[in-house]
Amino acid sequence: MNLYPIKIQFFLSYAALGSIAPLMALLLKEAKDFSPRQIAITLSVSSIGMLFTPALMTYLADKSIDSRKILRFIFSITAGSLIAVYYLTDPFHITLSWTVYSVAFIPTLPLLDGYFFNHNEKLKERGEKGIEYQKIRIWGSIGFIAPSSILFFTLSGEKGIANSLWCAVTFCILSLLATYLMQNPASSQKVTLEKPTTEAFRVLLSPRLIPFCIGIFFSYTAANCYYPYLSVFFKESIGIQNNHITAITSIGVAIEIIYLLNLTKLKKWLGFRGVMTVGLTSMAIRLSILATFPSLKTALIIQLFHGLEILSMFVLPIMYLDQVSGAGFRNSIQGAFTILITVPSRLLGFVIAGEIARVYGAKEVIYAGSFLSAFGMLIILIFLKTDNNTEGTN
């Protein structure tokens, strides 16, 4: 398997995300003059629409529709909707375009994960050595950092924060072009389930996975609560300028790469549940420290532990889903997880953050994220049961 095309696609897709994700609430606040409630409504409404596209796109991929064609459609719609957001001024139209962007882009990462896992399984069937997911996912982290070097200049001085939208559009177009480098999607086995999405939901809602799903739901809600408002907190409570915000968050992502490279060792030492627990605990602690001691030094120090949060929320869960999935629904289980956990947690997290920010402020939003992540951690620590294969002790 030629890994360069999938590495390039992970890099570019995450770069498109990294262009605006660290600045979401601040972008709507400054560029579009949105109030905290308007921000919450826009982000929440966009989440409702996401309930359908992940399952549809991953279902089509499992039914042998070319993933590359699906990705091309996604990147075309995403780029167009972001351009619309840049030029529009009416709040309703902005919300509508932001919703189109969110609905279109959300299946991208599950599709890429499913594409990789299918190819990886094909390698194993041929008797070749499989590739560890984190060695591909690391290119997503590198891609997430890439826009910060561009935004450092395009957002400096009096330049508008809306320029970040053009950065995202550029990476969307490059992502579209990169799909022509990708190999034909592989089916891990000659098995086609009649209802792959139904089978995926059956696995996710099984007694074995319910504690995992509940725990990760609260953790995702925590992330969706605090992360969009982190840029607002950095600027209003600490005084960090727009172009420096992306630079600071990129430091955490850069350190995240070290954690990714050492994930196998961490799993060997702590086990799957141990890494999940440590990661979510570090998330709760670092958010509490940041809210209690808001300063540039604190903002920099907490980046040291950002990687543990990413491992516990966006790397290990994806690997676990592939492990519990079966032939014929590797794509669909990623999409079903997005519908069951990712989208509702976005909706709830955005609503909680918006209302807390409206009544109190960004500082209290950070505290809320800390509490929710601690709650999710306790559920996983106490109730999640795993086998030796999952724990990595085999």
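Okay, so let's go over this structure.

## Here's the deal with helix α2 (residues 24-31)
Okay, so step 1: All of the buried residues in α2 are Met-24, Ala-25, Leu-26, Leu-27 and Leu-28.
Okay, so step 2: Immediately downstream of α2, the backbone of Asp-33 shows phi near 55°, a positive value.

## Side note on the environment of Leu-266
Okay, so step 1: By the secondary structure assignment, Leu-266 is in helix α13 (residues 263-292).
Okay, so step 2: On the basis of relative accessibility, which here comes to 15%, the residue Leu-266 falls in the buried class.
Okay, so step 3: Sequence-distant contacts of Leu-266, defined by excluding residues within four places in its chain, comprise Tyr-259, Gly-271, Val-275 and Leu-311.

## Section: the pattern of salt bridges
Okay, so step 1: Counted by the stated rule, this structure contains 10 salt bridges.
Okay, so step 2: Asp-66 is the salt-bridge partner of Arg-68, the closest N and O atoms lying 2.7 Å from each other. Across this residue pair, the class does not change: Arg-68 and Asp-66 are buried.
Okay, so step 3: We note a salt bridge from Arg-358 to Glu-355, for which the minimum N-O separation is 2.9 Å. With Arg-358 and Glu-355 both in helix α16 (residues 330-359), this residue pair falls 3 residues apart, about one helical turn.
Okay, so step 4: Glu-355 gets classed as partly exposed once you look at its relative accessible area, which sits at 28%.
Okay, so step 5: Among the charged side chains, a network of salt bridges with common partners joins Arg-37, Glu-355 and Arg-358.

## A few points about the packing of aromatic side chains
Okay, so step 1: Counted by the stated rule, this structure contains 18 aromatic pairs.
Okay, so step 2: Taken together, the aromatic side chains of Phe-212, Tyr-220, Phe-272, Phe-314, Tyr-320 and Phe-337 make up a single cluster linked through ring pairs.
Okay, so step 3: The residue whose ring lies beneath Lys-7 is Tyr-4, and the NZ or CZ to ring-centre distance is 5.6 Å.
Okay, so step 4: Positioned above the aromatic ring of Tyr-180 is the side chain of Arg-72, whose terminal nitrogen or guanidinium carbon lies 3.9 Å from the ring centre.

Conventions we followed
- Residues numbered from 1 in each chain as written.
- Predicted model: local features only at pLDDT ≥ 70, side-chain atom pairs only at ≥ 80, totals over all residues.
- Heavy atoms only, no water.
- Buried < 20%, exposed > 50% of the residue type's maximum accessible area, 1.4 Å probe, protein only.
- Helix = DSSP H or I, 4+ residues; strand = E, 2+ residues; numbered from the N terminus.
- Contact = heavy atoms within 4.5 Å.
- Salt bridge = Lys/Arg side-chain N within 4 Å of Asp/Glu carboxyl O.
- Phe/Tyr/Trp six-rings, centres within 6.5 Å; stacked < 30°, edge-to-face > 60°.
- Lys NZ or Arg CZ within 6 Å of the ring centre and 35° of its normal.

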